[in-house]
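Inside the fold
Each chain, written out:
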Amino acid sequence: MILRDFRLALAVSVLVSFPGLSAAAADLTNTAALESFVDGVVEPTMSANKSPSGVVVIAKDGQVILAKGYGYKDVATAEPVDPQTTLFRPGSVSKLFTWMAVMQLVDQGKLDLDADVNGYLKKVRIKEAFGKPVTLRHIMTHTAGFEDGALGYLIVDDPGRIMPLADSMERYQPKRVNAPGTHTAYSNYATSIAGLIVADISGLSFNEYIKTQILQPLGMQHATFDEPLPATLAADMAKSYTVETGGFVEKPFEIVSNFGPAGALSASGTDMVRFAQAVLNGGELDGNRIIGEATLATMLTRAFSHDPRLMGMALGFYEEEHNGTRLVGHGGDTQWFHSYLGIDQTHNLAFFVSFGAPGGSAVRSAFTPALYNEYFPAAVTRPVPPKDFAKTAQRYAGNYGFWRNNFSSIEKLLGLGSVMQVAPTKDDTLVLAFAGNAKQYVQVDKNLFVELDPNISLVAGISPQRLAFQEDASGTITGFVLDGLPFMSLRKLPLAATPNFNFSLLGASLLVFVLVLLRRFFQRKAIKAQVPNDRAATSAAVWAAAANLLVVVAGLVVVLIVKDKLFTGIPFLFKAWLVLPVLATIAGIYLLYRTVLVWRNARLGGFWARVRYSVIALCALFMCWFYWYWNVLGFQYKT
C-alpha cells in the first residue's frame, strides 16, 4: 500500500456480489472449472468498476494451475495482457522483496533484527526519540513509530527528480510519534530505510542486490526495481489509466525510486508467483535457494500483534484469515494499480492478482474472499449479542483515527477523511462506520468483537472478521485493531480531531460569513453613512468573512484543477492557495481587535451589535484555529 486511504474513499468498496458460503468445496484441480469461476468473478467486476487491465496467477502444489490476463495492456491498440510478460505495478507487494533481502543478511549473520539501525546506516541517522532505538524488528512489524508522509514526493512522474536513496531518506525523514514497539503504523519510509541498510551492508545498490540475489536466482526475467524501465522491458508495461468522463485517460509511469524498497517493483504475474512458490517451498525454487529454511520459517511466524486473538504481523509479511485459513502475504496500491500476493501454507497455494485504474481496487478486493468462499468454505455461525451489553457499550463509542497518519504537515488534514466511527445500537451490537460503509459487531469476549455480516468490505477490500479494543491501566478504551489490518492500529480521537466537531463548526462559520456578505450587499447605503470608526468595524467583518470563504472555495477549485498532480509534486497553484489562509488569519485577528473596540465603546447599535460582532469574530477565530490545528497555516509540506 504505497498510497493510503488519504485519497479518501478511493480504496473503499462494498463486496456484495458473493453472498453466502458454499456448502462444499469446489475442486481446484479442475482447471477448466477454476478458470470459469475466476472469469465469473473478475470480468464483471472489472467491467462494473472500469478497470482496463488485470492478471490472475494461481499455483498449487508447486504447479501453476491458472495464469490469465484480462483486458488490455494498451487500451488504444487493444493489445491484450499476457500473464507471463505484461508488467504490472505491485506497489507495496515490493516490500516482500526488501524483507527477504534483510532476512538473507540476517541468515548470513550480517544483520541483527534487534540492534539499533543507526549502527548499520552509513550516511543517514535516525533521530533520537523516546529514549529507545529503532530496530529492524520494529521496521518489519511496522512498529517503528514514524508518522506517515507522502504528499508531493512519495511517487513522482519526472525522472529528473530521482535522487540517491540515502539522500531521499535524509531529506524526507518523518517525525517519530510513538515509542518503538507500541503501535502499528504502516511506514513506507521505514521500509526504505531497511532497503538502504541492505545496500550499505552488502556494498551493492539496493536494485542491484535485489536483481542478483532474488530476481535472477528465481528466474524472474520480467521483473525489475529499475525506474524508468530498462529498454528490454519497457514495451511490456501495462499502461497506467484513470477514468475521466467515462473513458480511460493514460497517465505517466509512476516513479517510486526515491522510496524504491517500499514499492518500485514492476513485474509480470507469473514472476510474482515464482517468488511466492519459493516462499512456499522453504526458500528454494528449481534448485536455487535464496534463504535458509529455518530463517524463512522465522520470517513467516507471527512477530507482533496488538491482541493474540487477532491476526498480526510476521516479519514483513502480514497475516489474514479467510474462512479459518491463515494467509501470509501483502497488498499493494499505487495510484493506478492494485495488487495482492497471497501465500496459503495450509493448502500449499499461492496467488497473485493485479488490476489497473482506480476501479482495480474493487476487483482486487473481491478476489480473495470469492476464491475462499468457493474453494475453502467454512460454516458461518451467527454470534448472539450479550443481553447486558448496553451497560458497557458506551465505553467503546467514539471516533477513531489510524496511527498511520501525518501529524506535522498539511497532510494531517487528510486524517479528517479517514476516521472510523463506533456507536452502540439498540440490538446490543456495535456499528463500525467508515466512508459510507458500515458493519455490525457482537461482543464475544472482553474487548473482542465478531462481525455479523462477512460479506461487507469496510476498508481497502478488508472484511474484518474481528476487532479488539485496547485499554489503558485505568480501563479506558484508547484504540482498537482490526483483523486484516494488523499494520494499522487506531487511536481514540479527542473531540478537536473529530469530523463532526470540525465540519459542524466549519459549516456554521461559513454560513455566518455568507450572511455577513449578504448584509454588506443589502445594507450598503446605510454602511456607507456610518462614521469612520463604525465603518472600519464593519469592513473588518466583511474582509474576514470574504477571506475565509475564499480559502474554502478556492481550495476546492484548486483541488479539482490539480487532481492527482498533488500526489507527485506540489503544484504552484496549490502553493499560491496557501497564501490565502495566512491572509484570512490576519483578517480574523484584525476583526477581533475591532470587536474589542465595539464592546469597549458601545458602537454600532448597542448590545445586539456587540453580540453580532462577537459571533462573527468567534467564527473567524475558529477558522484561525482550524488552519493552525490542521497545519494549513503556512507552507507546511515537503518537496
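The structure reproduced in this document is the subject of the present report. (Residues numbered from 1 in each chain as written. Predicted model: local features only at pLDDT ≥ 70, side-chain atom pairs only at ≥ 80, totals over all residues. Heavy atoms only, no water.)

As for the sheet that holds strand 3 (residues 79–80)
Strand order in the open sheet made by the 7 strands is 3-2-1-13-12-11-10, with antiparallel pairing throughout. The sheet is open, and its two borders are formed by strand 3 and strand 10 (318–322), each paired with just one other strand. Pairing analysis gives 8 bridges linking strand 1 (residues 53–60) to strand 2 (residues 63–74), with the strands arranged antiparallel. When the bridges of strand 2 are listed, Val-57 appears paired with Ala-67. In this fold helix 11 (residues 360–375) packs onto strand 1, strand 10, strand 11 (325–333), strand 12 (337–344) and strand 13 (349–356), with an angle of close to 155 degrees to the strand it touches most, strand 13. (Pairing = 2+ DSSP bridges. Helix = DSSP H or I, 4+ residues; strand = E, 2+ residues; numbered from the N terminus. Contact = heavy atoms within 4.5 Å. Axes fitted to C-alpha atoms, helices over the stretch in contact; angles between N-to-C directions.)

Here's the deal with the side chain of Lys-412
Locating Lys-412 in the fold gives a position in the loop between strand 14 (398–402) and strand 15 (419–424). Salt bridges are absent for the buried Lys-412, whose nearest opposite-charge side chain, Glu-147, sits at 9.0 Å. (Buried < 20%, exposed > 50% of the residue type's maximum accessible area, 1.4 Å probe, protein only. Lys, Arg positive; Asp, Glu negative; His and termini not counted. Salt bridge = Lys/Arg side-chain N within 4 Å of Asp/Glu carboxyl O.)

Focus on the packing of aromatic side chains
The final tally for this structure, using the stated rule, is 35 aromatic pairs. Both rings, one in Tyr-372 and one in Phe-376, keep their centres 5.0 Å apart while their planes meet at 40 degrees; by these two values the pair is tilted. In this structure Tyr-372 comes out as buried when scored by relative accessible area, which is 0%. Aromatic side chains Trp-403 and Phe-407 sit 6.1 Å apart centroid to centroid with 45 degrees between the ring planes, which places their arrangement in the tilted category. Grouping aromatic residues by their ring pairs yields a cluster made of Phe-501, Phe-622, Trp-625, Phe-626, Tyr-627, Trp-628, Tyr-629 and Trp-630. In this structure, Lys-412 packs its charged tip against the face of Trp-630, placed 5.6 Å from the ring centre. Lying over the aromatic face of Trp-403, Arg-491 brings its terminal NZ or CZ to 5.2 Å of the ring centre. (Phe/Tyr/Trp six-rings, centres within 6.5 Å; stacked < 30°, edge-to-face > 60°. Lys NZ or Arg CZ within 6 Å of the ring centre and 35° of its normal.)

Here we look at the pattern of salt bridges
Going through the model one piece at a time under the given rule, you end up with 24 salt bridges. Close ionic contact of Glu-35 with Lys-68 constitutes a salt bridge, the shortest N to O distance being 2.9 Å. Here Glu-35 is found in helix 1 (residues 31–49), whereas its partner Lys-68 is found in strand 2, with 33 residues between them in sequence. A salt bridge links Glu-79 to Lys-73; the shortest N-O distance between them is 3.3 Å. A relative accessible area of 36% places Glu-79 in the partly exposed class. Where salt bridges share partners, they join Glu-35, Asp-39 and Lys-68 into one cluster.

Focus on the pairing of strand 2
The turn joining strand 1 and strand 2, which pair antiparallel and follow one another in sequence, is formed by 2 residues; a positive phi near 55 degrees is taken by Asp-61. Pairing of strand 2 with strand 3, which is carried by 2 bridges, proceeds in the antiparallel orientation. Paired with Asp-74 across the strands is Glu-79, a residue of strand 3. The hairpin turn running from strand 2 into strand 3, its antiparallel successor, is 4 residues long, and Ala-78 in that turn takes a positive phi close to 55 degrees.

Re unusual backbone geometry
Between Glu-227 and the following residue, Pro-228, the backbone shows a cis peptide bond with an omega angle of -10 degrees. Mapping Pro-228 onto the fold places it in the loop between strand 4 (223–224) and helix 7 (231–234). For Asp-286, which is not glycine, the phi dihedral falls at a positive 55 degrees. For Asp-286, a relative accessible area of 57% gives the class exposed. One non-glycine residue with positive phi stands out, namely Ala-357, at about 70 degrees. Note that Ala-357 resides in the loop between strand 13 and helix 11. The class for Ala-357 is buried, based on a relative accessible area of 1%.

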